[in-house]
Each structure stands twice: as C-alpha cells, then as structure tokens.
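# Observations on the model geometry
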Amino acid sequence: MTKVKVLFVCLGNICRSPLAEALFKHKVESKGLHMHIEADSCGTSDYHIGQEPDDRTMINALKNGISISHRGRQLTTHDLEHFDFILAMDRSNYQNILRLPNAARHEHKIALMRMYDPQRTHDDVPDPYYGGERGFQEVFEILNRSTESLLVHLEKNHF
Ligand code: 4NP
C-alpha cells in the first residue's frame, strides 16, 4: 500500500506547522499507522530556514506532553507533487501556496487546516508569533482537535 503523505504549511515553519506535524505524528504513532502515513511541515517564507521551532512553541508543546523535532524549511514546487494533502494554517498561506508555479494543477490537494476543526469558529489558525502564552495554548488546542479529526478522516476514507 502506498503511503498517504501530509504536509502542514504556515509562514515561518517555527510555530504552527511544526506543532501540527508533531501532534499529527504522535497520533499516527499511537494508532500504529506510521507505516501508512508520512508527514512533514514547511513555511511559505524563507525567514527561518534551518532553525528549530520557536522556544515558546516548544515549551508550550512540552507542557502538553508533545516534543517537537524539526528544522525550518521553505515550501517548494516539488512538495506540491510529492504530498497528497497540503494543509495551510491560514488563508494568507493558502494564497501563498497557490502562487507557486504549477500550483493550480494541485489545487485539489490544498485545504485550510481548520476545515478539519470540529469546533471551527474561524478559517485561520491564528498566528501566535507576536502574541503571548495564551495564544500558543489556543493554537495547541486548535491543532490538537484538527489533527485528530484529519486522522479520523484519513482512516475512514483512505485505508
Ligand atoms: P508560523 O509563525 O508561521 O506559525 O511559524 C510565524 C513565525 C515567524 C514569523 C511570522 C509567523 N515572522 O514574521 O518571522
């Protein structure tokens, strides 16, 4: 069976998307599905290439029992070919993804992360970068719910 490949995309790839990746992988491992699902994250900007996630994201995740191991990288056209599900953290990054050459061909794979949030009140996962600790916890809760429901969706429809 070929693997389902999932890519989480934000702006800097140091706050939201590496957390989404870590949460999703944690759930995939817990369900013993790691042979069937691959996940990664990246940013649409080149601001933090090679960097570890933001300290505030790492500390908040650890407080919630999740450790993150990732280095920032920028989205490429190859990613659009390789991945089956490309999940943008907000509408601005959704538009950034569509600006890549040939993106229109892959539009069916691109969606907003919060479309999977069962408690969606807004289209965007808010950018916590310029905010305080509460913002990081809010992002954690949104991504915890959204990655859980994404995985349930994949289990129902792709295996
Ligand atoms: P992220 O958050 O897109 O969730 O990784 C941000 C990180 C860095 C910046 C903006 C958002 N920045 O402007 O450097």
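Use the structure listed above.
One structure accompanies this document, and this report is about it. These numbers were taken from a predicted model, which means no experiment stands behind them. (Residues numbered from 1 in each chain as written. Predicted model: local features only at pLDDT ≥ 70, side-chain atom pairs only at ≥ 80, totals over all residues. Heavy atoms only, no water.)

### A few points about the pattern of salt bridges
Where side chains of opposite charge bring their charged atoms close, a pairing between them can arise. The full count for this structure, using the stated rule, is 15 salt bridges. A salt bridge links Asp-54 to Arg-56; the shortest N-O distance between them is 2.9 Å. We classify Arg-56 as partly exposed; its relative accessible area is 31%. For the salt bridge of Arg-91 with Asp-124, the shortest nitrogen-to-oxygen distance reads 3.0 Å. Taken as a pair, Arg-91 in helix α4 (residues 91–98) and Asp-124 in the loop between β4 (110–112) and α5 (133–158) lie far apart in primary sequence, 33 residues in all. In this structure, a network of salt bridges that share partners links the residues Lys-27, Lys-31, Glu-148 and Glu-155. (Salt bridge = Lys/Arg side-chain N within 4 Å of Asp/Glu carboxyl O. Buried < 20%, exposed > 50% of the residue type's maximum accessible area, 1.4 Å probe, protein only. Helix = DSSP H or I, 4+ residues; strand = E, 2+ residues; numbered from the N terminus.)

### Structural notes on the packing of aromatic side chains
Scanning all chains against the criterion turns up two aromatic pairs. Consider the rings of Phe-8 and Phe-24, whose centres lie 5.4 Å apart with planes at 70°: the pair is edge-to-face. Here the residue Phe-8 occupies a position in strand β1 (residues 4–10), and Phe-24 occupies one in helix α1 (residues 16–30), the gap between them amounting to 16 residues. In this structure, Phe-8 and Phe-24 share a single accessibility class: buried. Ring centres 4.9 Å apart and planes at 85° place the aromatic pair Tyr-129 and Tyr-130 in the edge-to-face group. (Phe/Tyr/Trp six-rings, centres within 6.5 Å; stacked < 30°, edge-to-face > 60°.)

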